[in-house]
Amino acid sequence: MKPLKRPVRRGILAAHVAVSVSWLGLTVGLLTLGITAFVSGDPATAEAATRSMKTFGDWLVVPVALLSLVSGLVLSLGTPWGLARHRWVWTKFWLTLVTTGLSIFSLRPGINAAAADGVADIDLVIAPSVATATYLFITAISVLKPWGLTRRGRRLRISASSAKSVDARSLRQTA
């Protein structure tokens, strides 16, 4: 993929950060509603919480997860960070891919079942807890950028630096 021009990259980056933070906030909201539904002794409160979770699950979980995944993928492929050059980017990609799949194929069906049955179980607390912890971890590695280059990244850096040294030598020889 061609490198993104600065205004496009910045726009996609802003969208990616906004969508990713929204995904984290959505998950914290689902966790709050799940805890409310699970610990509430009032059936009406539990039902309202699971119905609210269903609304979030039906309307927000899938688009927010997919937008976060796609915008991150476009950024990684259109910038020097690359998808498989740095361990933190590679880790973010796989965690986002897995959590997107789990959100679509596990979290939503669990919320829908709880809303249909009117019974909240511990799964409505565990799934958003794990998701929230994962998104906080992804956020931390986005800021800290730990772990250095992957093998591919080291190989690309070595080939780029050797190409630069060849160019520099050829310039000295022609001068």
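Above this text is the structure in question.
Report on the accompanying structure. (Residues numbered from 1 in each chain as written. Predicted model: local features only at pLDDT ≥ 70, side-chain atom pairs only at ≥ 80, totals over all residues. Heavy atoms only, no water.)

**Thoughts on helix α4 (residues 123–144)**
Look at α4: 31 Å from first C-alpha to last across 22 residues, which is about the 32 Å you get at 1.5 Å a residue. All of the buried residues along α4 are L124, V125, P128, A131, T132, T134, Y135, I138, I141 and S142. On its buried side, α4 packs onto α1 (6–39), α2 (43–78) and α3 (87–117). (Helix = DSSP H or I, 4+ residues; strand = E, 2+ residues; numbered from the N terminus. Expected span 1.5 Å × (residues − 1). Buried < 20%, exposed > 50% of the residue type's maximum accessible area, 1.4 Å probe, protein only. Contact = heavy atoms within 4.5 Å.)

**A short note on the layout of surface pockets**
Space inside the largest pocket adds up to approximately 670 Å³. Taken together, 27 residues line the largest pocket, and the ones lying closest to its centre are H16, L75, W88, K92 and S142. For the lining of the largest pocket, the elements supplying multiple residues, two or more each, are α1, α2, α3 and α4. Top contributing element to the lining of the largest pocket by residue count: α1, with seven residues. Broken down by class, the residue content of the lining of the largest pocket amounts to 15 nonpolar, nine polar and three charged. (1 Å grid on protein atoms, 1.4 Å probe; cavity = no way out; pocket = protein on both sides within 12 Å on 5 of 7 lines; lining within 4 Å. Points joined across faces, edges and corners; volume = space filled by probe spheres on them. Nonpolar A, V, L, I, M, F, W, Y, C, P; charged D, E, K, R; others polar.)

**Describing the pattern of salt bridges**
In the structure shown here, the tally under the stated rule is two salt bridges. Note that D58 and K54 form a salt bridge whose closest N and O atoms lie 2.7 Å from each other. Highlighted residues: D58 and K54, both in helix α2, separated by four residues, approximately one helical turn. A salt bridge links R108 to D58; the nearest nitrogen and oxygen atoms lie 3.4 Å apart. Of this pair, R108 sits in helix α3 while D58 sits in helix α2; the two residues are 50 residues apart in sequence, bridging distant segments of the chain. (Salt bridge = Lys/Arg side-chain N within 4 Å of Asp/Glu carboxyl O.)

**Observations regarding the packing of aromatic side chains**
What the rule picks out here adds up to six aromatic pairs. Residues W90 and W94 carry aromatic rings whose centres are separated by 5.7 Å and whose planes lie at 85 degrees to one another, so their mutual orientation is edge-to-face. Of this pair, W90 and W94 both sit in helix α3, four residues apart, which is roughly one turn of the helix. For W94, a relative accessible area of 41% puts it in the partly exposed group. Ring geometry for F93 versus W94: centroids 5.2 Å apart, planes at 75 degrees, classification edge-to-face. Three or more aromatic residues link up through ring pairs in this structure, and these residues are W90, F93 and W94. (Phe/Tyr/Trp six-rings, centres within 6.5 Å; stacked < 30°, edge-to-face > 60°.)

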